[in-house]
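Structural features, examined
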Amino acid sequence: MPEIAPGAIHYPGFLDAAAQEALAREIADVIAQAPLFVSRMPKSGLPMSVRMTNCGPLGWMSDKDKGYRYEPRHPETGAPWPPIPQMLLDVWDALTGYPKPPEACLVNVYAEDAKMGLHQDRDEADFDAPILSLSLGADCRFRFGGRKRSDKTIAVTLSSGDALVFGGPARLCFHGVDKILPSMLTPLPAPLAGLGARVNLTLRRVT
Ligand code: MD3
Ligand code: FE
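Heads up: these notes are all about the structure in this document. Note that the structure is predicted; figures quoted are calculated from it, not measured. (Residues numbered from 1 in each chain as written. Chains lettered and ligands numbered in written order. Predicted model: local features only at pLDDT ≥ 70, side-chain atom pairs only at ≥ 80, totals over all residues. Heavy atoms only, no water.)

Right, let's get into the coordination of the iron ion (ligand 2). Distances from the iron ion (ligand 2) to its protein donors, His119 (NE2), Asp121 (OD) and His175 (NE2), fall within 2.0 to 2.2 Å. Here the donor residues of the iron ion (ligand 2) share one chain and are spaced in sequence as H-x1-D-x53-H. (Donors = N, O, S within 2.8 Å, 3.2 Å for Na, K, Ca; no water.)

Another point: unusual backbone geometry. Of note, Lys43 is a non-glycine position whose phi angle comes to about 70°, a positive value. Within the secondary structure, Lys43 sits in the loop between strand S3 (37-40) and strand S4 (47-55). Classification of Lys43 by relative accessible area gives exposed; the value is 72%. (Helix = DSSP H or I, 4+ residues; strand = E, 2+ residues; numbered from the N terminus. Buried < 20%, exposed > 50% of the residue type's maximum accessible area, 1.4 Å probe, protein only.)

Okay, the layout of surface pockets next. Of the volumes computed, that of the largest pocket is approximately 770 Å³. Taken together, 39 residues form the lining of the largest pocket, with Met116, Gly117, His119, Asp121 and His175 sitting closest to its centre. Sorting the residues of the lining of the largest pocket by element identifies S4, strand S7 (104-110), strand S8 (116-119), strand S9 (131-137), strand S10 (140-144), strand S12 (163-166), strand S13 (175-180) and strand S14 (198-204) as the ones contributing at least two each. For the lining of the largest pocket, the element with the highest residue contribution is S4, accounting for five residues. (1 Å grid on protein atoms, 1.4 Å probe; cavity = no way out; pocket = protein on both sides within 12 Å on 5 of 7 lines; lining within 4 Å. Points joined across faces, edges and corners; volume = space filled by probe spheres on them.)

A few words now on the site of ligand 1. For ligand 1, the set of nearby residues contains 20 residues, the closest of which are Tyr110, Phe166, His175, Arg198 and Arg204. In the environment of ligand 1, an oxygen atom lies 3.4 Å from a nitrogen or oxygen atom belonging to the side chain of Asn200. Burial of ligand 1 by the surrounding chains reaches 98%, relative to a free accessible area of 500 Å². Of all the cavities here, the one that holds ligand 1 is the largest pocket. At four residues, the largest contribution of residues to the shell around ligand 1 is made by S14. Looking at the shell around ligand 1 residue by residue, the class counts come to ten nonpolar, six polar and four charged. (Near = heavy atom within 4 Å. Polar contact = N/O pair within 3.5 Å; in protein donor to acceptor, adjacent residues only side chain to side chain. Areas by Shrake-Rupley, 256 points an atom, 1.4 Å probe, with all protein chains shown as cover. Sits in = over half its atoms within 2 Å of the grid points. Nonpolar A, V, L, I, M, F, W, Y, C, P; charged D, E, K, R; others polar.)

Here we take up the sheet that holds S3. Ordered by their spatial adjacency, eight strands build an open sheet running S1-S2-S12-S9-S14-S7-S4-S3, and the pairing between neighbours is antiparallel. In this open sheet, the two strands that pair with only one neighbour each are strand S1 (3-5) and S3. Between one strand axis and the next, the sheet turns through 30° on average, direction left out of account. Relative to S12, strand S2 (residues 8-11) runs antiparallel, the two sharing four bridges. Across the sheet, the residue bridging to His10 is Leu164, located in S12. (Pairing = 2+ DSSP bridges. Axes fitted to C-alpha atoms, helices over the stretch in contact; angles between N-to-C directions.)

With respect to the secondary-structure elements, Asn108 resides in strand S7. Between the alpha carbons of Asn108 and Thr202 there is a distance of 8.1 Å; along the sequence they are 94 residues apart. Residue contacts for Asn108: discarding those within four places in its chain leaves Val50, Arg51, Met52, Met116, Arg198, Val199 and Asn200. (Contact = heavy atoms within 4.5 Å.)

Quick look at the pattern of salt bridges now. Summed over all chains, the structure comprises nine salt bridges. Across the pair Glu124 and Arg204 runs a salt bridge whose closest N-O atoms are separated by 3.5 Å. One end of the pair, Glu124, is in the loop between S8 and S9; the other, Arg204, is in strand S14, with 80 residues separating them in the sequence. Just as Glu124 is buried, Arg204 falls in that class too. (Salt bridge = Lys/Arg side-chain N within 4 Å of Asp/Glu carboxyl O.)

Printed below as a string of structure tokens:
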């Protein structure tokens, strides 16, 4: 398990093919209950290129007027987010060992041309808890830097089934997704096929 930076541990292929398919079924269920939506940048109102939804007590979203935040309900249906699937709670326990369960699981769906600019995750009240990320489908070029935007960055390829845990000094490091890599080799598992090229799940404590 290479530590890509202090506090950032990469578990390549943590989920085998059967576990990836089981997870894809769970996430397809989540999307059926909480449809994918597009968040917008604060102030400019420009749409993000990633489509998203959430499960868990709280979900991350952003719009023009109120900006980045967590909400207990879907912005379009008004329904509470569906629960976090048990298999994700089990992965959280296994990889983070954190004594409290995740409160938010953000589901990011990337089309082949989607990306995510360099940013910090700082919309949470609790920076002590780690963040867990799981990837499905196409590889991506993930970028990881330091606590300042201008710090040196490294590129890491994330592949289907990979897990990453960001704790301690890595929790507030800048990161983003430069690009999705050609997806012909690793399509999304069947339950998610057609929605995009890559899915990333990010589990967090919020309060
Ligand atoms: C490092 N998602 O949703 S996952 C995000 O692939 C986000 O969808 C990306 O960045 C994605 O905020 C990257 C890896 C990740 C997630 C959260 C982090 C890396 C992180 C938080 C702190 C440091
Ligand atoms: Fe992030």
